Protein chains: 2
Amino acid sequence: MAKYVFGVDVGGTTVKMGLFTVEGELLDKWEIKTRTEDGGKNVLPDIADSIKEVIESKKLAKEDVEGVGIGVPGPVKEDGTVLKCVNLGWGILNVEDELEKLIGYPVKAGNDANVAALGEMWQGGGKGHSNLVMVTLGTGVGGGIILNGKMLFGVNGAGGEIGHICVDDSETETCGCGNKGCLEQYTSATGVVRLAGRAMAASDKKSTLRELEAVTAKDVFDAAKAGDELALEIVDTQARILGRALAQIACVVDPEIFVIGGGVSKAGSILTDSVKKYFEHYAFHACRQTKFALAQLGNDAGIYGSACSILGR
Amino acid sequence: MAKYVFGVDVGGTTVKMGLFTVEGELLDKWEIKTRTEDGGKNVLPDIADSIKEVIESKKLAKEDVEGVGIGVPGPVKEDGTVLKCVNLGWGILNVEDELEKLIGYPVKAGNDANVAALGEMWQGGGKGHSNLVMVTLGTGVGGGIILNGKMLFGVNGAGGEIGHICVDDSETETCGCGNKGCLEQYTSATGVVRLAGRAMAASDKKSTLRELEAVTAKDVFDAAKAGDELALEIVDTQARILGRALAQIACVVDPEIFVIGGGVSKAGSILTDSVKKYFEHYAFHACRQTKFALAQLGNDAGIYGSACSILGR
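What counts and what doesn't
Residues numbered from 1 in each chain as written. Chains lettered and ligands numbered in written order. Predicted model: local features only at pLDDT ≥ 70, side-chain atom pairs only at ≥ 80, totals over all residues. Heavy atoms only, no water. Helix = DSSP H or I, 4+ residues; strand = E, 2+ residues; numbered from the N terminus. Buried < 20%, exposed > 50% of the residue type's maximum accessible area, 1.4 Å probe, protein only. Contact = heavy atoms within 4.5 Å. Areas by Shrake-Rupley, 256 points an atom, 1.4 Å probe, with all protein chains shown as cover. Lys, Arg positive; Asp, Glu negative; His and termini not counted. Charge placed at Lys NZ, Arg CZ, Asp CG, Glu CD. Pairing = 2+ DSSP bridges. Core = buried A, V, L, I, M, F, W, Y, C linked by side-chain atoms within 4.5 Å. Domains from an automatic or database assignment. Buried area = accessible area lost by both parts, 1.4 Å probe. Salt bridge = Lys/Arg side-chain N within 4 Å of Asp/Glu carboxyl O. Polar contact = N/O pair within 3.5 Å; in protein donor to acceptor, adjacent residues only side chain to side chain. Nonpolar A, V, L, I, M, F, W, Y, C, P; charged D, E, K, R; others polar. Least-squares fit on C-alpha atoms with pLDDT ≥ 70 in both. Patch = residues over 30% accessible without salt bridge, like charges linked within 9 Å, V, L, I, M, F, W, Y side chains within 5 Å. Phe/Tyr/Trp six-rings, centres within 6.5 Å; stacked < 30°, edge-to-face > 60°. Lys NZ or Arg CZ within 6 Å of the ring centre and 35° of its normal.

**Section: the overall build of chain A**
In step 1: Within chain A one finds ten helices and twelve strands.
In step 2: Projected onto the principal axes, the alpha-carbon positions of chain A cover approximately 65 × 45 × 35 Å.
In step 3: Going through the 313 residues of chain A one by one, you find that 59% of them count as buried.
In step 4: Expressed as a percentage of contacts within chain A between residues at least 6 apart in sequence, the contacts between residues at least 24 apart total 61%.
In step 5: On chain A, roughly 12,500 Å² of surface is accessible, and the fraction owed to carbon and sulfur atoms is 49%.
In step 6: The distance from the centre of the 32 positive side-chain charges to the centre of the 42 negative ones in chain A is 1 Å.

This is how it looks when you write it as structure tokens:
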């Protein structure tokens, strides 16, 4: 039986890579540059070369390596076809077939948000559960869904694209996706800043936020923790919108646990407690006890999850 | 290889049963009474007796029967545990274990709405697809989700409980589930009647609906087909609410097709066309081409689906 797996997380500027035991211990991690020029044609060969180097330098035997998992920033179908990765310059491409040819080991591909969810299930905030929904509150809102230990890909590679659930019909500003009123417009880091701007404009309530030149999501949560009333209102609004959306999602896939990650999740329990409160209000009774946890792997979730994906393929 | 499967659909008053070939041809169907007295303790023995009679009368050899699938009106976990069936008088019970003991064949259990979705996939409106969401617009709104040909059970047996997605925060009336603003309150047969009442009260627009003593959902769709303006507005409101909810669901599980069934779906293309229009408006771009179809099996969806479930277990 093989002892090692590689996890690869391809981003627009760097590729993160990790060598793991099949039990989930991270033995080594490193990064290489993502060369996106020429339609990103060097990305996979660079990854293959880097993995081969590690295999040689560590003198790993062929039969000791189970394979390579890879997460990419775009929609991926269950058969390994990437539909488009704008950030990498890729069009339609079967990443599994291409990388297998280059490297000679089995390859499993997934969307980066779905792969991160798998990582949090394996060794992070969702450990011990095999049905989870991960929500990543960063610049945007990403989502990943794991059912019975497997990623939910979706027919168009859009499984778990929960950031683009429409939550407000009356929104006038447009989301990056082209629609109006997406979850991402209220609950991402950028979304919290937008809510803050609206809240400050809508009232003349005193707030430490008004003293700042530019408000960040972190400022809002810090001010809320310090008891600033306006900031508490903004956090409450974000939590209501997110908690309601998660209750809608629970009516669809009914998971054991929600894992909240991304930059905004650094706010900690003030965020999860408020989201959980609204979730319980809006949830169908059978799902009301669904657990909440913070993500634990940070930027390593992608390498953990891609490594895990090759084990469960 | 076995040639036959039995499908059983347990309702509050009758149990529908069918004998199928493994290829999906319905050879015979019949019903027995659901004896709900004494905590429903006769329900499974009655089913076992009825199946045994058919096996004897048709002289089926033991090895010719693959097994029995059963759909029940309540939440079912993937291991066959029914959490509660109020209509049958059941508490927590492993239906698969119990019925297997009585009958000597493998048994697969599922929630009735999920099983109906599987039936529509096998031989109905979703034939040829293995990732679908079925929406049943009846007295309530039921939902069933099939991913890669398998039912999505959910950790609490609440997978696909889409009728209880909260779609309106400002609702003042309470849904049967205890929450306010559930999808079911607007898009079920009862929901359409409620919308009609509100629309008639909100305007003094002329309408043939005003001439009726009591308006039904069918009346609303019939009037809309005849060009009645107020009825068209009601249909449009229902379609907007349902289309938006289905777009939210597509962001979660990203299916190939939505299959619309239940009494309200008899309205036909006026319903699916309007729902599809709003779905496309609200959907994430990658999911915008998701197909729509009407259910085809009517009340037989349950026996088809339960029979199918034992094949794919």
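**Considerations on the sheet that holds strand β10 (residues 150-151) of chain A**
All names here are of chain A.
In step 1: Spatial ordering of the open sheet is given by β10-β9-β8-β11-β12, a layout of five strands whose pairing is mixed. Either end of the sheet is taken by a strand with one partner, and the two such strands are β10 and β12 (291-294).
In step 2: Pairing analysis gives six bridges linking strand β8 (residues 132-137) to strand β9 (residues 141-147), with the strands arranged antiparallel. Paired with Met 134 across the strands is Gly 144, a residue of β9.

**Thoughts on the pairing of strand β4 (residues 65-72) of chain B**
Residue and element names in this part refer to chain B.
In step 1: Burial analysis of β4 places seven of its eight residues in the buried class, the great majority of the element.
In step 2: Judged from the six bridges that link them, strand β1 (residues 4-10) and β4 form a sheet pairing that is parallel. Note on β4: the bridge partner recorded for Phe 6 is Val 68.
In step 3: Bridge analysis of β4 against strand β7 (residues 107-111) gives five bridges, and the strand direction is parallel. Of the residues in β7, the one forming a bridge with Gly 71 is Gly 110.

**Here we look at the nonpolar core**
In step 1: Grouped together as the largest cluster of nonpolar side chains are 115 residues, with contacts concentrated most on Leu 246 and Val 253 of chain A together with Leu 246 and Val 253 of chain B.
In step 2: Apart from the residues within four sequence positions on either side, Val 253 of chain A is in contact with Val 133, Leu 147 and Leu 152 of chain A together with Leu 152, Gly 154, Val 252 and Val 253 of chain B.

**Thoughts on the domain arrangement of chain A**
Residue and element names in this part refer to chain A.
In step 1: Per the domain assignment, the segments of chain A are domain 1 (4-124 + 300-311) and domain 2 (132-296).
In step 2: Using C-alpha coordinates to define each centre, domain 1 is positioned 29 Å away from domain 2.
In step 3: Between domain 1 and domain 2, the contact holds 19 residues from the first and 17 residues from the second.
In step 4: For the pair domain 1 and domain 2, the two sides together bury roughly 1,400 Å², of which 67% comes from carbon and sulfur.
In step 5: Run the count over domain 1 and domain 2 and you get zero salt bridges.
In step 6: Inspection of the region where domain 1 meets domain 2 yields one residue pair in polar contact (both at pLDDT 80 or more).
In step 7: Residue contributions to the side of domain 1 that touches domain 2 peak at nine residues, all from helix α4 (residues 112-123).
In step 8: The class makeup of the residues in the side of domain 1 that touches domain 2 is ten nonpolar, five polar and four charged.

**Concerning the pattern of salt bridges**
In step 1: Inspection of every chain in the model, using the stated rule, returns 34 salt bridges over all chains.
In step 2: Where Arg 240 of chain B meets Asp 169 of chain A, a salt bridge forms, and the shortest distance between an N and an O atom there is 3.7 Å. Within this pair, whereas Arg 240 of chain B is found in helix α8 (residues 229-253), its partner Asp 169 of chain A is found in the loop between β10 and α5 (184-187), the two belonging to separate chains.
In step 3: Linked through salt bridges whose partners overlap, the residues forming this network are Glu 171, Glu 173, Arg 194 and Arg 198 of chain A.

**Observations regarding the relation of the copies chain B and chain A**
In step 1: Each copy superposes on the other: chain B lies on chain A with an RMSD of 0.0 Å after a rotation of 180 degrees and an axial shift of 0.0 Å. Given the turn and translation reported, the copies of this chain are related as if by a two-fold rotation axis.
In step 2: A share of 100% of the interface residues of chain B reappears at the interface of chain A, consistent with the copies meeting face to face through the same patch.

**Considerations on the side chain of Thr 81 of chain A**
Residues and elements named next belong to chain A.
In step 1: Relative to the helices and strands, Thr 81 resides in strand β5 (residues 81-82).
In step 2: A polar side-chain atom of Thr 81 sits 2.7 Å from a polar atom in the side chain of Asp 79.
In step 3: Non-local contacts of Thr 81, meaning those with residues more than four positions away in its chain, are made with Pro 75, Val 76, Ile 92, Leu 93 and Asn 94.

**As for the interface of chain B and chain A**
In step 1: With 41 residues of chain B at the contact, the number on the chain A side is 41 residues.
In step 2: Taking both sides of the interface into account, the surface hidden between chain B and chain A amounts to around 3,000 Å²; carbon and sulfur atoms contribute 55%.
In step 3: Counting across the chain B and chain A interface gives four salt bridges.
In step 4: Put simply, chain B and chain A have 30 residue pairs in polar contact (both at pLDDT 80 or more) between them.

**Points about a negative patch on the surface**
In step 1: The grouping of Glu 78, Asp 79, Asp 97 and Glu 100 of chain A at the surface amounts to a negative patch.
In step 2: For Glu 78 of chain A, the location among the structural elements is in the loop between β4 (65-72) and β5.

**A look at the packing of aromatic side chains**
In step 1: Taken as a whole and judged by the stated rule, the model has 14 aromatic pairs over all chains.
In step 2: Ring plane angle 70 degrees and centroid distance 5.4 Å describe the contact between Phe 258 of chain A and Phe 279 of chain A, whose orientation is recorded as edge-to-face. Taken together, the positions of Phe 258 of chain A in strand β11 (residues 257-261) and Phe 279 of chain A in helix α9 (residues 269-282) put the pair 21 residues apart, joining distant regions of the chain.
In step 3: Overall, Phe 258 of chain A belongs to the buried group, its relative accessible area being 0%.
In step 4: Given a relative accessible area of 0%, Phe 279 of chain A falls into the buried group.
In step 5: A cation over an aromatic ring shows up here: Lys 62 of chain A above the ring of Tyr 105 of chain A, its NZ or CZ 4.2 Å from the ring centre.
In step 6: Directly above the ring of Tyr 186 of chain B sits Arg 194 of chain B, whose terminal nitrogen or CZ lies 5.3 Å from the centroid.

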